[in-house]
Amino acid sequence: MSPRERPRSRRTPPLPVRVQPARRIALDVLRAVRVDDAYANLLLPQRIREAGLSGPDAGLATELTYGTLRMRGYYDRVIALAADRPTSEIDPAVLDVLELGCHQLLTLRTATHAAVNESVELAREVASRSATGFVNGVLRGISRRDAEEWRRLVLDDAIDHDDRLAAEFSHPEWVVRAFRRALAADATGRDDESIEAELRELLAADNLPPRVTLVALPGLSDVHDLPGATLTGVSPIAALAAAGDPAASPAVAAGTARVQDEGSQLAALTLSRARPVEAGERWLDLCAGPGGKTALLGAEAELGGAVLVANEPVHARAGLVRRAVAALPARPEVLELDGTVLGEREPASFDRILVDAPCSGLGALRRRPEARWRKQPGDLAELASLQERLLDSAITALKPGGLLAYVTCSPHVAETRAQVRGLLRRWSDGIEQLDAQEVVERVTGGSIELGARSPSVQLWPHRNATDAMFITLFRRL
């Protein structure tokens, strides 16, 4: 047979790469967060249930999603160096794939072939064919250096001290500066060096998965009866959840216990336990959605013979509030009114009011890591204005002698201490500030670190293992 007649050998096509469901779910959530402003903490559990994942697979999907979101800023710096181009020039769909691959290579230490090959396949599904070669090249370049070498390269590329902190801990630079000011305001008498050291602790704590805590709604369940749970010694009605899905607990399934951060629990208890409840009191949760604090306040009110009214102007969130309080024997009425004018509608009508105001959410970056990339410094002015109007409305709705708790899930000074000063100035003859620290110390049995002596309470993830809740109390004169 002549060479021309010899049959040509056919190259066997490569076997298709099977993408692990956890990786596909993680990418789906990352895309939704970027494109649709989705909330990962709401979407991810839904996607995991739809895919039928459980155990290690569900855990991997969770780690891939939250880990990538937390470290997105740092990974983008690595990718920019490896690709030799700014990430703004990379197709966002491809960038999501690269960030997910980067998390596997540098943090999870996933085998290179698994992280790269499945990332290339994901790129094939969400972008053009040319993107697969780009993803392959960038991720293989990243894999050639270890995590510590990349850290040195990224930090060496920073332009100043704050930019280095922003790079190392994957926070926007403006958030780094805001945290420093908040720590300084909560650290009377401490020097700059100790504040800087604590700032690093706070930024590092933001990048750790939060522990899952449960609240046993008073009168409906007992914290000692939650199966597998461990008492925390902080909130008297809290326990660390057992391993696995908290919804598997009968009390959680029945709605008599809930997943709730201890900071949120203490915010509600500061109002409900500031003084004894008198039967017939009328309480208001002015900004109730999604309803976690409402459920706790409702249980506390019912035990004392009080009545709780909840208000949430956004219809979908009002539905979440109604579901949150469904297990209460006396379900609170849920209004859907503009909270800034509710005081004019019902002046001097309530004995206790919680203003859990809409805020930047910078205190819950462990739990909602995408918030650090979603918020901008310019958002603060509008939020501060809304907080002022809600506080003024709440004071108007408060009876003489009534109590107001102002709460934000943010340590930003503009949303916390500045709001307190402004409220006391506007209502100088109408209100007095009470000692919220004394109440929290009493509620917790003195088991929580509260920092410098102040009428207000600022909780911190690195000190208290809670969200960075700010809590303060007022009384209407």
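Per-chain numbering applies: the sequence of each chain, read as written, is numbered from 1 onward. Totals for whole chains, interfaces and linings use all residues, but because this is a predicted model, local features are given only for residues with pLDDT of at least 70 and pairs of side-chain atoms are given and counted only at 80 or more. Processing note: side-chain calculations cover all non-hydrogen atoms of the structure and skip hydrogens and water entirely.

(A) The arrangement of the side chain of Thr270 in detail. Residue position: Thr270 is located in helix α13 (residues 262–272). Whether two residues are in contact is decided by their heavy atoms: any pair within 4.5 Å suffices. Residues in contact with Thr270, not counting those within four places in the same chain, are Ala436, Val439, Val440, Ile471 and Leu473. Numbering of helices and strands starts at the N terminus; helices are DSSP runs of H or I of at least 4 residues and strands are runs of E of at least 2.

(B) Representation of helix α20 (residues 436–444) in the model. Buried within α20 we find Ala436, Gln437, Val439, Val440, Val443 and Thr444. Taken down its axis, α20 places every buried residue within 160° of arc, on the same side. Where the residues of α20 are buried, they touch α13, β10 (431–434), β11 (457–458) and β12 (470–476). Two or three places before Gln437, at the start of α20, stands the capping residue Asp435, its side-chain oxygen 3.1 Å from that residue's backbone nitrogen. To sort residues, take the accessible area from a 1.4 Å probe on protein chains only and compare it with the maximum for the residue type: under 20% means buried, over 50% means exposed, and anything in between is partly exposed. Our arc is simply the arc of the directions from the helix axis toward the C-beta atoms. Pairs of N or O atoms are called polar contacts if they sit within 3.5 Å, as long as, within protein, a hydrogen donor faces a hydrogen acceptor (for residues adjacent in sequence, only side-chain-to-side-chain pairs).

(C) Main features of the pattern of salt bridges. Should a side-chain nitrogen of Lys or Arg be within 4 Å of a carboxyl oxygen of Asp or Glu, the pair is scored as a salt bridge. Within this structure, the stated rule accounts for 40 salt bridges. Arg47 serves as the salt-bridge partner of Glu50, at 3.5 Å between the closest nitrogen and oxygen. You can see Glu50 and its partner Arg47 sitting in helix α2 (residues 40–51), 3 residues apart, about one turn around the helix. Classification of Glu50 by relative accessible area gives exposed; the value is 55%. Look at Arg47 and you get partly exposed, because its relative accessible area is 22%.

(D) Representation of the side chain of Arg352 in the model. Residue placement: Arg352 occurs in strand β8 (residues 350–356). A distance of 2.9 Å separates the side chain of Arg352 from the backbone oxygen of Leu271, its partner in a polar contact.

(E) View of the nonpolar core. Take the buried Ala, Val, Leu, Ile, Met, Phe, Trp, Tyr and Cys residues and link them wherever side-chain atoms come within 4.5 Å; each set so joined is a nonpolar core. Core analysis: the largest hydrophobic core is formed by 49 residues, its most contacted members being Val78, Leu98, Val135 and Ile142. Contact partners of Ile142, with chain neighbours within four places excluded, come to Val78, Ile79, Ala82, Cys102, Leu105, Leu106 and Trp150. Leu269, Leu296, Ala299 and Ala301 belong to the second largest nonpolar core, which has 38 residues in total.

(F) How the structure looks around the packing of helix α3 (residues 55–70) against helix α5 (residues 92–106). As a rule, the C-alpha atoms of each element are fitted with a line to give its axis, helices using only the stretch in contact, and angles between N-to-C directions run from 0 to 180 degrees. Put simply, α3 and α5 touch, their axes get as near as 9 Å, and they point 105° apart. By the angle between their axes, α3 is roughly perpendicular relative to α5. Residues Glu63, Leu64, Gly67 and Thr68 of α3 form the contact with α5, whose participating residues are Glu99, Leu100, His103 and Gln104. When grouped by side-chain class, the residues that make up the contact of α3 with α5 number 2 nonpolar, 4 polar and 2 charged. The scheme is simple: roughly parallel for angles under 35 degrees, roughly antiparallel for over 145, roughly perpendicular for 65 to 115, oblique for anything else. Three residue categories are used. Nonpolar comprises Ala, Val, Leu, Ile, Met, Phe, Trp, Tyr, Cys and Pro, charged comprises Asp, Glu, Lys and Arg, and polar comprises the others, including Gly.

(G) Structural view of the pairing of β8. Across the 7 residues that make up β8, a large majority, 7, are buried. For two strands to count as paired, DSSP must find a minimum of two bridges between them. Judged from the 6 bridges that link them, β8 and strand β9 (residues 398–408) form a sheet pairing that is parallel. Bridge pairing in β9 places Ile353 opposite Leu404.

(H) Looking closely at the packing of helix α9 (residues 161–169) against helix α11 (residues 192–205). Remark: α9 packs on α11, axes separated minimally by 10 Å, with the N-to-C direction vectors making an angle of 30°. With respect to each other, α9 and α11 are oriented roughly parallel. Between α9 and α11 lies a crossing whose hand is right-handed. Residues His161, Leu165, Glu168 and Phe169 of α9 pack against Glu196, Leu199, Arg200, Leu203 and Ala204 of α11. Take the far helix as the reference: if the near one is turned anticlockwise from it by less than a right angle, the crossing is left-handed, and if turned clockwise, right-handed.

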